[in-house]
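Structural overview
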Amino acid sequence: MTRSLPENYRDILIGLGEDPDREGLLDTPTRAAKAMQYLCHGYEQSVDEIVNGALFASDSDEMIIVADIELYSLCEHHLLPFIGKAHVAYIPTGKVLGLSKIARLVDMFARRLQIQENLTRQIADAVQQVTDAAGVAVVIEARHMCMMMRGVEKQNSTMNTSVMLGAFRESSNTRQEFLQLIGRSK
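About the thresholds
Per chain, the residues get numbers from 1 upward, laid out in the order the sequence is written. Totals for whole chains, interfaces and linings use all residues, but because this is a predicted model, local features are given only for residues with pLDDT of at least 70 and pairs of side-chain atoms are given and counted only at 80 or more. Side-chain calculation: all heavy atoms of the structure are included, whereas hydrogens and water are not. Between any two strands, at least two bridges found by DSSP are needed for them to pair. Under the DSSP-based scheme used, a helix requires at least four consecutive residues in state H or I and a strand at least two consecutive residues in state E, with every element numbered from the N terminus. By definition, residues are in contact when any of their heavy atoms lie within 4.5 Å. Lines fitted to C-alpha atoms define the axes here, with helix axes fitted over just the stretch in contact, and angles between the N-to-C directions of these axes take values from 0 to 180 degrees. The salt bridge definition used is simple: a Lys or Arg side-chain nitrogen within 4 Å of an Asp or Glu carboxyl oxygen. Burial classification: accessible surface area is computed with a 1.4 Å probe over protein chains only, and a residue below 20% of its type maximum counts as buried, one above 50% as exposed, and the rest as partly exposed.

Looking at an unreviewed UniProt entry, one finds the protein chain named GTP cyclohydrolase I and attributed to Pseudomonas helmanticensis.

Re the sheet that holds strand β2 (residues 64-75)
Strands sit in the order β5-β2-β3-β6-β7 across an open sheet of five strands; the sheet is mixed. Each end of this open sheet is capped by a strand with a single partner; those strands are β5 (113-114) and β7 (159-166). By the bridge criterion, 10 bridges tie strand β3 (residues 81-91) to strand β6 (residues 135-144) in an arrangement that is antiparallel. Looking at β6, one finds that isoleucine 83 is bridged to arginine 143. Packing of helix α4 (residues 99-110) onto the sheet brings it into contact with β2, β3 and β5, and relative to β2 it is tilted by some 20°.

Some thoughts on the pattern of salt bridges
A complete count under the given rule lists four salt bridges for this structure. A salt bridge links arginine 10 to aspartate 21, with the shortest nitrogen-to-oxygen separation between them at 3.2 Å. Here arginine 10, found in helix α1 (residues 5-15), pairs with aspartate 21, found in the loop between α1 and α2 (28-39); they are 11 residues apart in sequence, far enough to count as distant. With relative accessibility at 47%, the residue aspartate 21 sits in the partly exposed group. Here aspartate 68 makes a salt bridge to lysine 85, at a shortest N to O gap of 3.4 Å. With aspartate 68 in strand β2 and lysine 85 in strand β3, this pair connects stretches of sequence that are 17 residues apart. Classification of lysine 85 by relative accessible area gives partly exposed; the value is 28%.

Laid out in structure tokens, this is it:
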């Protein structure tokens, strides 16, 4: 039998040397449990639920980019936040995805315990799966609290990851156009 999440947070407070019965901490185990459940609600979602049929016929075969999608995730190694933005592009082949669905896919995967490398791949694979695009590109740039608040404590470091599929991987011109449009190339 598993213990409840609030009970586990209460034990963490005790383990840290705190008194969970003091006024300021009385409701902290419950609040922390609710916060963690919210921060990890991506486990309760699926690609199909997110897309919800919002795939539309289109003659467009030019690159579509949704840039600067803010994201908030938790590092699976330290349970500390990483915060950044994703840039997602795809080249449609007869169907386009509803605009908000790209941001919702980013959120779904970000709201799971993650490492940035896997998050980038999951977003790219999901967009590819849903759209059957000629190519998909995802770049994520994020700041990791596990590196800023502990360990090496480097305040100005940013991690960048990318996944290029199809035309973005095969054509340096397509990849370059994407990188230029998101301001990552000269």
